[in-house]
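Spelled out from the first residue to the last, the chains are:
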Amino acid sequence: TMHNGAFIPWRSSTFLIFLSACLCSTVRSDKVDLADWSSNSWSVTVDGVMGGKSSGRLEKTTSGVVFSGSISLDGGGFSSIRRSFSAKNLASYAGLWVEVDMMITQTVGVTIQLEDSNTRLAAAFAVPQDKQGTMTSSVFLPWSSFAKQIRGRCNNCNIDPSAIDAVAVYILYQPGPFAVTLRNIYAVQSTADIPVVTPVIPIMAMTDSDVRDMIETSIARGTIAWNKGQPEICGAIYDCTMWTIRKASGPAEGVQSVAVAATDMAKPFDVNLNEAPAWIYRRGFDTILSAYNGVAPPRESNYPAEAAGTWAVLAMGRAEAVPRTNSTGAGMAASTSAEISISGSTSTAPHTQLLGMGVYALAACAWAFGV
């Protein structure tokens, strides 16, 4: 919260010093630090408790911590860090501000879990990709976004912000190595207490080949999360990817028009509460990939009502103006690994369930990976 001293009568230096101290105290109370990285109160938990083979470690830095490790889908699929503390009454706060360093290689889905005396509920967001690895990203997660139990099912559950007593960070069902630099986890009274407009998405130069690789990688990672019962992670990865394409410089005009149409259409929805964004973005991805392949996009009937309409075709316009690009195989490799891990064979079955409803996604998924 910003305070403007221009309206305060000038009385004395003593008064101003006292006032300055009060204002600083007020600013500090606008945020509650749930991370407290200096407290040595964080612990690492991996899926070994379930017979899994994932790993995790925590390293302090001058700006926060690096949470790193590797995720294996053999027997588990997660790595986490957790901190418990005396219950905090955050009822007058609006939600969490999370600040992280952007990723150099690929978009990563992160899940934040809050605990009260009765339940543990989580919300997901994605860390964007920045080729230089020099930028930070911030997201705001309102209390209402914390509606998912990582394990089990909780219908119509709500976190009690007046009794928060633990926070945890998970990397779920995204196979391979990861390293996420976490800077801040604050409870804030409003988004006005966050020094940047959220979410922070990088503006970077991308070729159409870059766009294709990013889409295929995101689809492969989102597929696994969705099939593992974590649609919010899939939606968060897709959302971050499409916004990155929207803000990039370099892709074909039709490609960015689809990204604009998809992000505008998905904007009213919270990926943590609604599956519509994942469907909208998947149709946008398929439309872009079809243009790169020089073939017609999948039929509208392949998608549920949330993604229906002529928006994707109209946004693409003249598909012949989009350059033909070839897949590098990155997405295919990730998806093949996912197939083996999930189904025990190289069947395309997991792809048909990419968004949980094979009847809709069959043509789109087979199509996107050239099956």
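Predicted model, so just to flag it, every value in this text is computed and none were measured. (Residues numbered from 1 in each chain as written. Predicted model: local features only at pLDDT ≥ 70, side-chain atom pairs only at ≥ 80, totals over all residues. Heavy atoms only, no water.)

On to the packing of helix H2 (residues 208-227) against helix H3 (residues 231-247), then. Angle between the axes and distance between the axes are the two parameters that describe a pair of packed helices. Between H2 and H3, whose axes approach to 7 Å, the crossing angle comes to 170 degrees. Here H3 runs roughly antiparallel to H2, going by the angle between their axes. Mapping the contact onto sequence places Val 211, Met 214, Ile 215, Ser 218, Ile 219, Arg 221, Gly 222, Thr 223, Ala 225 and Trp 226 in H2 and Pro 231, Ile 233, Cys 234, Ile 237, Tyr 238, Thr 241, Thr 244 and Ile 245 in H3. When the residues that make up the contact of H2 with H3 are grouped by side-chain class, the tally is 12 nonpolar, 5 polar and 1 charged. (Axes fitted to C-alpha atoms, helices over the stretch in contact; angles between N-to-C directions. Helix = DSSP H or I, 4+ residues; strand = E, 2+ residues; numbered from the N terminus. Parallel < 35°, antiparallel > 145°, perpendicular 65-115°, else oblique. Contact = heavy atoms within 4.5 Å. Nonpolar A, V, L, I, M, F, W, Y, C, P; charged D, E, K, R; others polar.)

Right, let's get into the pattern of salt bridges. For the structure shown, the criterion picks out 10 salt bridges. Taking the shortest distance from any N to any O, the salt bridge between Arg 83 and Asp 36 comes out at 3.5 Å. Taken as a pair, Arg 83 in strand E5 (residues 78-88) and Asp 36 in the loop between strand E1 (31-33) and strand E2 (42-46) lie far apart in primary sequence, 47 residues in all. Overall, the relative accessible area of 8% leaves Arg 83 in the buried class. A residue is classified by how much of its surface remains accessible, and Asp 36, at 25% relative accessible area, is partly exposed. One salt bridge in this structure joins Glu 216 and Arg 212, with 3.1 Å as the shortest N-O distance. (Salt bridge = Lys/Arg side-chain N within 4 Å of Asp/Glu carboxyl O. Buried < 20%, exposed > 50% of the residue type's maximum accessible area, 1.4 Å probe, protein only.)

Generally speaking, soluble globular proteins have nonpolar side chains that are buried together. Ranked by internal contacts, the top residues of the largest apolar core, which has 54 residues, are Ile 215, Tyr 238, Val 255, Tyr 281 and Ile 288. Those residues in contact with Tyr 281 that sit more than four places away from it in its chain are Gly 235, Tyr 238, Asp 239, Met 242, Trp 243, Ala 262, Thr 263 and Ala 266. Judged by nonpolar contacts, the second largest core, of 39 residues, contains Leu 141, Trp 143, Leu 182 and Ala 187. (Core = buried A, V, L, I, M, F, W, Y, C linked by side-chain atoms within 4.5 Å.)

A few words now on the side chain of Ser 54. Inspection of the secondary structure puts Ser 54 in the loop between E2 and strand E3 (55-60). Only 2.7 Å separates the side chain of Ser 54 from the side chain of Asp 47, close enough to count as a polar contact. One polar contact links the side chain of Ser 54 to the main-chain amide nitrogen of Ser 72, over a distance of 2.9 Å. The residues contacting Ser 54, other than those within four sequence positions of it, are Val 46, Asp 47, Ser 70, Ile 71, Ser 72, Gly 77 and Phe 78. (Polar contact = N/O pair within 3.5 Å; in protein donor to acceptor, adjacent residues only side chain to side chain.)

The buried fraction of strand E6 (residues 95-101) is high, at 7 of 7 residues. The pairing of E6 with strand E9 (residues 136-142) spans 7 bridges and is classified as antiparallel. By the bridge assignment, Trp 97 is partnered in E9 with Phe 140. Inspection of the sheet shows E6 paired to strand E11 (residues 176-188) by 6 bridges, in the antiparallel sense. Residue pairing in the sheet places Val 100 in a bridge with Leu 182 of E11. (Pairing = 2+ DSSP bridges.)

End to end, helix H4 (residues 253-266) covers 20 Å across 14 residues, agreeing with the expected 20 Å (1.5 Å per residue, within 8%). Within the sequence span of H4, burial applies to Gly 254, Val 255, Gln 256, Val 258, Ala 259, Ala 261, Ala 262, Thr 263 and Ala 266. Buried residues along H4 sit in contact with H2, H3, helix H5 (276-293) and helix H6 (311-316). (Expected span 1.5 Å × (residues − 1).)

Within this structure, the stated rule accounts for 6 aromatic pairs. When the centroid spacing of 5.2 Å and the interplanar angle of 80 degrees are considered together, the rings of Tyr 238 and Phe 285 count as edge-to-face. Residue Tyr 238 is located in helix H3, and its partner Phe 285 is located in helix H5; the two are separated by 47 residues in the primary sequence. Of the residues examined, Phe 285 reaches a relative accessible area of 0% and is grouped as buried. (Phe/Tyr/Trp six-rings, centres within 6.5 Å; stacked < 30°, edge-to-face > 60°.)

As a further point, take the confidence of the model for the protein chain. Per-chain confidence: the protein chain averages 83 in pLDDT, with 80% of residues scoring 70 or above. pLDDT under 50 marks residues 1-28. Its contacts with residues more than four places away, or in other chains, come to 11 contacts. The low-confidence segment residues 332-371 (pLDDT under 50) makes 80 contacts with residues lying over four places distant or belonging to another chain. (pLDDT = per-residue confidence, 0-100.)

All right, on to the side chain of Ser 137 then. Tracing the backbone shows Ser 137 in strand E9. In this structure Ser 137 comes out as buried when scored by relative accessible area, which is 2%. One polar contact links the side chain of Ser 137 to the main-chain carbonyl oxygen of Val 200, over a distance of 3.0 Å. Once you skip the residues sitting within four places of it in the chain, Ser 137 turns out to touch Val 98, Glu 99, Val 100, Met 102, Pro 128 and Val 200.

A separate point is the sheet that holds strand E7 (residues 108-115). One open sheet holds the 5 strands; their spatial order is E2-E5-E10-E7-E8, and the pairing between them is antiparallel. Looking along the sheet, the strands with just one partner apiece sit at the ends: E2 and strand E8 (120-127). The sheet shows a mean angle of 25 degrees between the axes of neighbouring strands, taken without regard to direction. Summarising the sheet, E7 and E8 pair through 8 bridges and their orientation is antiparallel.

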